[in-house]
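Architecture and fold: a report
If you want the building blocks of each chain, they are given just below.
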Number of protein chains: 2
Amino acid sequence: MTDLSGSIAEQRLSLCAVLGEDLVLTNSEDMLQYCRDWHGDVTSGAIAVIRPRSTADVQAAVRACRDLGLKIVPQGGNTGLVLGGIPDEPERQVVLTLERMNRIRNIDSDDFSAVVDAGCVLAELKDTIAEKGMFFPLALGAQGSCRIGGNVSTNAGGINVLRYGMTRELVLGLEVVLPDGSVFDGLSTLRKDNRGLDLKQLFIGAEGTLGIITAVSVKLTPYPDNVATALLALNSLDDAITLYRRARRDCCDLMSAFEFMPPLAFTLAREAMPDLPIPLSGDYPAYVLMEISGSGLVDIDDLMHRFLEGVMGDELVVDGTIATSQAQARNLWLIREGMNEGQAKRGAHMRTDISVSLSQLAAFVIDAEAAVAQALPDCISVSYGHVGDGNVHLNVLPPNGSTIEERHEKIYRAKKVVNVVVDKYNGSISAEHGIGRLKREDFEERLSDTKRGLLIAIKKAIDPDLLLNPHCQIDLGADIR
Amino acid sequence: MTDLSGSIAEQRLSLCAVLGEDLVLTNSEDMLQYCRDWHGDVTSGAIAVIRPRSTADVQAAVRACRDLGLKIVPQGGNTGLVLGGIPDEPERQVVLTLERMNRIRNIDSDDFSAVVDAGCVLAELKDTIAEKGMFFPLALGAQGSCRIGGNVSTNAGGINVLRYGMTRELVLGLEVVLPDGSVFDGLSTLRKDNRGLDLKQLFIGAEGTLGIITAVSVKLTPYPDNVATALLALNSLDDAITLYRRARRDCCDLMSAFEFMPPLAFTLAREAMPDLPIPLSGDYPAYVLMEISGSGLVDIDDLMHRFLEGVMGDELVVDGTIATSQAQARNLWLIREGMNEGQAKRGAHMRTDISVSLSQLAAFVIDAEAAVAQALPDCISVSYGHVGDGNVHLNVLPPNGSTIEERHEKIYRAKKVVNVVVDKYNGSISAEHGIGRLKREDFEERLSDTKRGLLIAIKKAIDPDLLLNPHCQIDLGADIR
């Protein structure tokens with residue numbers, strides 16, 4: 001059934017013959033962008049990159065790869081942060097990119113829903129939907145490049161989760177090509193549908209290990225025309241969490257973002273964008289970037305003003321600025337984005353994506369930063385993130401001027417140090433980025449026998465021949481054969 | 001391994017011996033309430049009713065039943081509407097009720113979460129949470145009796161879905177006893193956790209076919225102290241849908257209920273509650289019961305007034321009343337509840353639980369009611385439900401004075417007639433009630449080979465011996481052996 005005897009050249013010829021040359025890239029140069037990760041940390045290769053134009057093409061590709069004994073690594077916009085979308089065995093894997101399947105099949109404003117191909121770029125999708133007065137809430141740094149099928153496969157998070165939920169909560173239906181080449185047609189837009197198990201849930205967050213998502217139907221909301229954005233200074237992260245709780249009650253369900261940042265954020269942002277206006281002094285211990293938004297009759301500006309009046313009166317917020325124009329609001333967000341770029345400019349560093357319970361977030365950050373300071377006194381911790389979700393990106397920057405080897409050694413040690421603290425707080429080592437191949441070992445180390453048993457049982461049930469994305473999330477090799 | 005040779009009496013003795021008499025009921029009279037469905041339509045029996053007090057007891061019960069070759073029907077508050085929680089083979093099934101596991105393990109207002117035993121009664125849980133200033137949004141007619149584990153197992157809907165989502169969206173974590181007796185410990189309260197497949201999703205809506213949910217962690221929100229409730233009269237169901245769309249935009253995310261009712265609702269409610277005040281005339285073609293609510297600084301009353309000013313100015317709403325006290329609001333909701341009781345008082349009738357896309361809801365109701373009128377001219381259709389979710393309960397009442405046989409014959413025919421229209425609109429025959437045993441045939445008839453294949457593969461992967469809730473959702477007997 002599987003033909004492992006063919007040389008790579010023969011396999012490439014076979015793929016071209018079966019699928020047509022239009023769908024298959026085999027030249028190393030052409031394949032490079034699909035075989036290198038988003039950060040450029042890892043470059044791999046592949047037997048081929050298959051670029052289907054339709055669901056039927058995906059089915060044909062699945063069957064061809066099965067016949068040739070090749071494994072498939074599905075790929076969206078290749079913006080993943082955990083090596084879930086690039087090959088780790090170039091001599092037996094192909095990349096299947098959904099990039100050509102980027103048609104918006106239907107936007108139904110009256111139904112508050114849209115049906116789109118998996119390869120639609122998130123930002124383009126959001127823009128087209130906005131033209132109809134509607135809003136698709138998923139918002140993340142990579143939105144100019146990431147594709148909705150990848151967002152669903154990784155259950156992407158981002159800055160609006162506290163109000164609208166993870167990608168899972170935005171998905172109404174899926175079309176998925178299964179490992180046997182058949183199509184799971186679950187592309188409904190029904191809001192409520194309790195006909196047996198909700199099969200689509202299996203594929204959300206599966207990182208392409210159970211099926212290849214080819215189309216998605218999503219929930220839309222009315223476009224929030226009214227937005228109030230404020231940058232606030234506080235005396236501590238603990239105060240920021242108290243502020244979040246109060247905002248959650250005072251602003252009800254209308255708060256759409258609540259990001260905390262350390263004072264170093266301003267320095268880092270300026271390193272990336274020297275001309276960026278920073279409207280507050282960097283002398284306070286903690287900052288919050290907060291957004292309230294809504295459509296219709298609720299006076300969002302008034303709500304923000306009354307909220308700030310209260311919390312400044314109580315001295316919970318000690319300084320602050322409210323954007324008075326879209327341009328000003330954009331500049332406030334550029335501080336948040338610039339902080340990330342600034343870290344990148346300082347060279348390789350440890351990035352984490354941790355969640356703990358909201359009650360323990362401040363204690364966790366203090367503990368984890370102290371542990372890093374003790375083990376790696378010459379490194380700098382930068383903790384920031386989505387307070388309302390208990391999600392913190394605690395990054396560790398090696399000293400400027402470190403060699404790449406020194407950096408990798410410090411990153412390795414910092415990760416071990418931080419993970420010990422994460423475990424102590426029963427936190428997650430992957431709040432929103434997924435597991436991929438990068439976090440697989442750390443994930444598997446922490447997996448109970450029961451959970452591992454369930455994961456293997458499900459993989460075996462749906463992809464018994466391990467056709468799809470092998471070694472992603474868990475390495476089943478030994479368990480399954 | 002399985003001992004089918006033992007007599008029922010021997011099996012009962014064995015269960016008592018292994019689990020202790022305190023956990024096991026075997027007397028028919030004691031077992032009756034666990035073996036009869038909520039509507040009293042079906043009365044079954046069981047080898048025994050097992051009443052565990054702890055997760056360890058559930059594990060012991062699962063192992064004992066496996067050893068004795070008995071099948072387990074898990075049960076919460078036994079308020080299900082599709083026969084998913086009562087036995088259909090009394091001579092080889094036991095009921096396992098979670099009713100004794102009703103401890104609230106923890107309410108953490110600072111984390112906006114709670115961890116509770118599966119057997120907590122929903123209304124009691126909501127009340128205890130409200131005492132802490134927090135809110136658990138799930139709200140449905142049976143909340144005085146249903147239990148949270150059953151709500152999760154059926155992915156319950158109710159009146160607040162348009163704002164807060166189905167039960168699935170309220171669940172942060174689960175503890176589940178698996179068919180092999182092990183415990184899946186997924187009882188985290190993390191908001192964001194992308195460590196591999198989200199295994200808890202499998203058990204939500206599985207109606208007890210894959211595991212026995214023993215505890216649940218749930219999301220809480222601040223208690224919405226401010227509520228505005230209005231009963232509105234409109235010229236058509238189509239106008240009601242237009243009104244919903246406008247309310248969704250004008251009131252942003254603050255609308256918590258939007259129920260439509262026909263004029264007959266008033267008559268039916270009065271039949272059940274003769275003294276109930278009805279503040280509007282029953283002369284309009286359609287009515288909407290609408291609620292806006294929120295915590296904190298948003299002026300909910302003002303929002304409702306400004307919204308109604310606009311829609312009455314545009315003559316979309318032709319008459320209406322806003323409750324000026326909690327008692328008045330309660331009376332408006334009693335019309336909605338009384339309508340259901342009034343139908344029950346008229347005797348056995350067809351109940352449905354349909355969803356279609358919001359764009360097609362009005363057309364569907366007109367089509368389906370016309371089809372019923374043609375096929376069953378002496379019956380009355382009553383369509384009402386949750387507009388924002390595209391969820392309509394289209395019920396058909398046989399004429400007063402019909403015998404029970406006549407009623408059943410008409411119910412059978414009405415169901416066939418309506419299901420044809422549901423199929424035409426690509427709707428769901430179960431928006432929120434689940435499949436159970438009552439809708440299994442209708443469900444299986446509509447199942448594609450691919451979906452059936454996936455359902456069987458998952459059941460086999462997790463419950464290969466078909467220990468849990470056999471014949472619920474699908475009948476796997478022939479496929480699996």
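Treat the numbers as computed from the prediction; the structure is a model and nothing was measured.

1. Thoughts on the relation of the copies chain A and chain B
With an axial shift of 0.0 Å and an RMSD of 0.0 Å, the rotation relating chain A to chain B amounts to 180°. Each copy turns onto its partner about a two-fold axis. A share of 100% of interface residues in chain A that are also interface residues in chain B marks the association as one of identical surfaces.

2. Details of the sheet that holds strand 1 (residues 24-25) of chain A
The strand order 1-2-4-3 (chain A) describes an open sheet built from 4 strands, whose pairing is mixed. Edge positions in the sheet fall to strand 1 and strand 3 (71-75) of chain A, since each of these pairs with one other strand and no more.

3. Points about the environment of Gly-80 of chain B
You can see Gly-80 of chain B is positioned in the loop between strand 3 (71-75) and strand 4 (93-97). In sequence terms Gly-80 of chain B and Gly-434 of chain B are 354 residues apart; their C-alpha atoms lie 8.5 Å from each other.

4. Side note on empty space enclosed by the protein
If a probe as big as a water molecule is rolled over the atoms, it shows which places are left empty. Under the definition given, this model contains 6 cavities of 30 Å³ or more. There is about 120 Å³ of room inside the largest cavity. Contributing to the lining of the largest cavity are 15 residues, with Gln-201 and Leu-202 of chain A together with Asp-198, Gln-201 and Leu-202 of chain B lying nearest its centre. Where the lining of the largest cavity is concerned, the elements lending two or more residues are helix 7 (200-203) of chain A together with helix 7 (200-203) of chain B. In terms of residue class, the lining of the largest cavity is made up of 10 nonpolar, 2 polar and 3 charged. Lining the second largest cavity, in full, are Ser-355, Val-356, Ser-357, Leu-358, Gly-388, Asp-389 and Gly-390 of chain A together with Asp-111, Thr-189, Leu-190, Arg-191 and Lys-192 of chain B.

5. Remarks on the interface of chain A and chain B
Tallying the contact residues gives 88 residues for chain A and 88 residues for chain B. In total, chain A and chain B occlude about 6,900 Å² of area from one another, counting both sides; carbon and sulfur atoms represent 61% of this. In this structure, the connection of chain A to chain B is made through 12 salt bridges. Measuring nitrogen to oxygen at the nearest pair gives 2.7 Å for the salt bridge that ties Lys-192 of chain A to Glu-432 of chain B. For the pair chain A and chain B, the interface holds 45 residue pairs in polar contact (both at pLDDT 80 or more). If you list the elements that add at least two residues to the side of chain A that touches chain B, you get helix 6 (161-164), strand 9 (183-186), helix 7, strand 11 (221-222), helix 8 (237-250), strand 14 (286-294), helix 10 (300-313) and helix 15 (449-462) of chain A. Considering every element that reaches the side of chain A that touches chain B, the biggest residue donor is helix 15 of chain A, with 8 residues.

6. With respect to helix 1 (residues 8-19) of chain B
Residue and element names in this part refer to chain B. Taking 1.5 Å as the rise per residue, helix 1 with 12 residues should run 16 Å; its terminal C-alpha atoms sit 16 Å apart, in good agreement. Buried within helix 1 are the following residues: Gln-11, Leu-15, Cys-16 and Leu-19. Each buried residue of helix 1 sits inside an arc of 135° when the element is viewed along its axis, so together they form one side. Exposed side of helix 1, more than 90 degrees from the buried face: Leu-13 and Ala-17 are the residues found there. The secondary structure elements touched by the buried residues of helix 1 are strand 1 (24-25), strand 2 (48-50), helix 3 (55-68) and strand 4. With its phi angle positive at about 90°, Gly-20 sits one or two positions after the end of helix 1.

7. Points about the packing of helix 8 (residues 237-250) of chain B against helix 12 (residues 361-375) of chain B
Residue and element names in this part refer to chain B. The geometry of helix 8 relative to helix 12 is characterised by a closest axis approach of 9 Å and an angle of 160° between their N-to-C directions. Here helix 12 runs roughly antiparallel to helix 8, going by the angle between their axes. For helix 8 against helix 12, the interelement crossing comes out right-handed. Contacts between helix 8 and helix 12 involve Leu-237, Asp-238 and Ile-241 from the first element and Leu-361, Ala-362 and Val-365 from the second. Taken together, the residues of the contact of helix 8 with helix 12 break down into 5 nonpolar, no polar and 1 charged.

8. Brief notes about the packing of aromatic side chains
All names here are of chain B. Summed over the entire model, instances satisfying the criterion amount to 16 aromatic pairs over all chains. Here Phe-266 and Tyr-287 contribute two aromatic rings whose centre-to-centre distance is 4.6 Å and whose plane-to-plane angle is 55°, an arrangement assigned as tilted. In this pair, Phe-266 sits in helix 9 (residues 264-272) while Tyr-287 sits in strand 14 (residues 286-294), placing the two residues 21 residues apart along the sequence. Each of the two residues, Phe-266 as well as Tyr-287, counts as buried.

9. Some thoughts on the UniProt feature "domain: FAD-binding PCMH-type" (unreviewed entry) in chain A
Feature annotation in UniProt assigns "domain: FAD-binding PCMH-type" (unreviewed entry) to the following positions: residues 42-223 of chain A. Secondary structure across residues 42-223 of chain A comprises 21% helix and 25% strand; the distance between its end C-alpha atoms is 39 Å.

10. Focus on the pattern of salt bridges
Within the structure shown, the criterion is met by 66 salt bridges over all chains. Residues Arg-248 of chain A and Asp-253 of chain A are paired through a salt bridge, measuring 3.3 Å at the closest nitrogen-oxygen approach.

11. Points about the confidence of the model for chain A
Residue-level pLDDT values for chain A average 95, and 98% of them are 70 or greater. Taken as a whole, residues 1-5 of chain A scores under 50 in pLDDT and shows 11 contacts with residues more than four places along the chain or in a different chain.

12. Re the nonpolar core
Of all hydrophobic cores here, the largest spans 252 residues; its most connected members are Leu-15, Met-290 and Phe-364 of chain A together with Leu-15, Met-290 and Phe-364 of chain B. If we ignore the near neighbours within four places in the chain, the residues touching Phe-364 of chain B are Ile-354, Val-356, Val-392, Leu-394, Val-421, Val-422 and Tyr-425 of chain B.

13. A closer look at the sheet that holds strand 15 (residues 319-322) of chain B
Hydrogen bonds between backbone atoms are what pair the strands of a sheet, whose relative direction is either parallel or antiparallel. All names here are of chain B. Spatially, 7 strands are ordered 15-12-14-13-17-18-16 in an open sheet, and the strand pairing comes out antiparallel. Pairing within the sheet leaves two strands with one partner each, and these edge strands are strand 15 and strand 16 (354-355). One ladder, built from 2 bridges, connects strand 16 with strand 18 (residues 391-397); its direction is antiparallel. In the sheet register, Ile-354 faces strand 18, and the bridge partner there is Val-392. Contacts from helix 8 reach strand 12 (226-234), strand 13 (255-261) and strand 14 within the one sheet, and its direction differs from that of strand 13 by about 175°.

14. Notes on the domain arrangement of chain A
Interface size is often expressed as the accessible area that is lost when the parts come together. Residue and element names in this part refer to chain A. When cut into domains, chain A gives domain 1 (8-97), domain 2 (104-222), domain 3 (224-345), domain 4 (349-433) and domain 5 (447-480). The C-alpha centroid of domain 4 is placed 31 Å from the C-alpha centroid of domain 2. Contact with domain 2, which involves 8 residues of that partner, is made by 4 residues of domain 4. For the pair domain 2 and domain 4, the summed buried surface comes to about 430 Å²; carbon and sulfur atoms form 48% of the total. At the junction of domain 2 and domain 4, the tally comes to 0 salt bridges.

15. What about the side chain of Ser-428 of chain B?
Tracing the backbone shows Ser-428 of chain B in the loop between helix 13 (404-424) and helix 14 (440-445). Side-chain polar atoms of Ser-428 of chain B contact the side chain of Asp-193 of chain A, separated by 2.6 Å. Setting aside its immediate chain neighbours within four residues, Ser-428 of chain B contacts Leu-190, Lys-192, Asp-193, Asn-194 and Arg-195 of chain A together with Asp-353, Ile-354, Ser-355 and Val-422 of chain B.

16. As for the side chain of Asn-155 of chain A
When you line up the elements, Asn-155 of chain A lands in the loop between helix 5 (148-153) and helix 6. Beyond its immediate chain neighbours, meaning those up to four positions away, Asn-155 of chain A contacts Met-166, Thr-167, Arg-168, Ile-204, Gly-205 and Glu-432 of chain A together with Asn-194 of chain B.

What counts and what doesn't
Residues numbered from 1 in each chain as written. Chains lettered and ligands numbered in written order. Predicted model: local features only at pLDDT ≥ 70, side-chain atom pairs only at ≥ 80, totals over all residues. Heavy atoms only, no water. Least-squares fit on C-alpha atoms with pLDDT ≥ 70 in both. Contact = heavy atoms within 4.5 Å. Pairing = 2+ DSSP bridges. Helix = DSSP H or I, 4+ residues; strand = E, 2+ residues; numbered from the N terminus. 1 Å grid on protein atoms, 1.4 Å probe; cavity = no way out; pocket = protein on both sides within 12 Å on 5 of 7 lines; lining within 4 Å. Points joined across faces, edges and corners; volume = space filled by probe spheres on them. Nonpolar A, V, L, I, M, F, W, Y, C, P; charged D, E, K, R; others polar. Buried area = accessible area lost by both parts, 1.4 Å probe. Salt bridge = Lys/Arg side-chain N within 4 Å of Asp/Glu carboxyl O. Polar contact = N/O pair within 3.5 Å; in protein donor to acceptor, adjacent residues only side chain to side chain. Expected span 1.5 Å × (residues − 1). Buried < 20%, exposed > 50% of the residue type's maximum accessible area, 1.4 Å probe, protein only. Arc of directions from axis to C-beta. Axes fitted to C-alpha atoms, helices over the stretch in contact; angles between N-to-C directions. Parallel < 35°, antiparallel > 145°, perpendicular 65-115°, else oblique. Left-handed = near helix turned anticlockwise from the far one by under 90°. Phe/Tyr/Trp six-rings, centres within 6.5 Å; stacked < 30°, edge-to-face > 60°. UniProt positions renumbered as here; feature names shortened; annotations may be inferred. pLDDT = per-residue confidence, 0-100. Core = buried A, V, L, I, M, F, W, Y, C linked by side-chain atoms within 4.5 Å. Domains from an automatic or database assignment.

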